[in-house]
Amino acid sequence: LIAGLTRPTQGALLCANREIDGPGPERAVVFQNHSLLPWLTCFDNTYLAVERVFGAKETKAQLKARTDAALALVGLTPAGQKRPGEISGGMKQRVGIARALSMEPQVLLMDEPFGALDNQTRVLMQELLLGIWEAERKTVIMVSHDIDEAIFMANRVAVFTARPGRIKSEIAVPFEHPRHYTLKTTPEFMAIKA
């Protein structure tokens, strides 16, 4: 609904005081599946989004600079000329994040972006995203079924019921930033998890 991919059955959703009536560049989505075009390089997959949002207003050199900056933000400058089939799952998700951030959205929507990754890569991606958030301070709304991930990543967690999905509770997460993965072993973290 927030992405504008479907409409509410009743009521309305607003972003920046405007009703959401479809997808828009002020809201970028990072899907569970990286959704990269396999015939394009990492650079070109990211450039495609940059060109769509800024192509009418900027030169090719400016678009290239935006793309380079987005890939650098997620640590993928060396992989810019590789295709999705030549990189790991974590790198593919980083391209998806770079592509979304390159559009300079007000809101970043993430649908279980690390769900398909192994545990070690998942932890690294969580720290990477937190670092980006700490630098950029964008609004991020992330869906996760991983309780540890939700507490570690969020400032506020909304817990949903089973079908039909309703907000059961909302939990404020009091931990300061920056956060380190060792936070997950603290008694305070465990108390929130419980």
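Scroll up for the structure.
Note that this is a predicted model, so its numbers are computed, not measured. (Residues numbered from 1 in each chain as written. Predicted model: local features only at pLDDT ≥ 70, side-chain atom pairs only at ≥ 80, totals over all residues. Heavy atoms only, no water.)

**Q** What's the story with the overall build of the protein in this structure? I'm lost.
**A** Along its length, the protein carries six helices and seven strands. Element order for the protein, N to C, with α for helix and β for strand: β-β-β-α-α-α-β-α-β-α-β-β-α. Its C-alpha atoms give the protein principal-axis dimensions of about 50 × 40 × 30 Å. Residue burial in the protein is summarised as follows: out of 194 residues, 39% are buried. Intrachain contacts of the protein at a sequence separation of at least 6 include 60% that bridge at least 24 residues. Total accessible area on the protein stands at roughly 11,500 Å², and carbon and sulfur atoms take up 55% of it. Seen as two clouds, the 23 positive and the 21 negative side-chain charges of the protein have centres 4 Å apart. (Helix = DSSP H or I, 4+ residues; strand = E, 2+ residues; numbered from the N terminus. Buried < 20%, exposed > 50% of the residue type's maximum accessible area, 1.4 Å probe, protein only. Contact = heavy atoms within 4.5 Å. Areas by Shrake-Rupley, 256 points an atom, 1.4 Å probe, with all protein chains shown as cover. Lys, Arg positive; Asp, Glu negative; His and termini not counted. Charge placed at Lys NZ, Arg CZ, Asp CG, Glu CD.)

**Q** It is not clear to me how the packing of aromatic side chains should be interpreted in this structure. Could you clarify?
**A** The geometry of an aromatic ring pair is captured by two quantities: the separation of the ring centres and the angle between the planes. Enumeration over the complete set of coordinates arrives at two aromatic pairs. Ring plane angle 25° and centroid distance 5.8 Å describe the contact between phenylalanine 43 and tyrosine 47, whose orientation is recorded as stacked. Here tyrosine 47 and phenylalanine 43 lie together in helix α1 (residues 42-54), a separation of four residues that amounts to about one turn. For the pair phenylalanine 43 and tyrosine 47, a shared accessibility class is recorded, and that class is buried. Here the basic side chain of arginine 66 rests over the ring of phenylalanine 54, its NZ or CZ set 3.7 Å away from the ring centre. One residue, lysine 184, lies across the ring of phenylalanine 152, its end atom 4.8 Å from the ring centre. (Phe/Tyr/Trp six-rings, centres within 6.5 Å; stacked < 30°, edge-to-face > 60°. Lys NZ or Arg CZ within 6 Å of the ring centre and 35° of its normal.)

**Q** Which parts of the structure should I look at to understand the sheet that holds strand β3 (residues 27-30)?
**A** Read across the open sheet, the three strands follow the order β3-β4-β5; overall the sheet is parallel. Each edge of the open sheet carries a strand with a single partner, namely β3 and β5 (139-143). The average angle at which neighbouring strand axes cross in this sheet is 15°, direction not considered. Each of β3 and β4 (107-111) is contacted by helix α3 (residues 89-102), which is oriented at about 175° to β3, the strand it contacts most. (Pairing = 2+ DSSP bridges. Axes fitted to C-alpha atoms, helices over the stretch in contact; angles between N-to-C directions.)

Take it as geometry only, folks, not as evidence of what the structure does.
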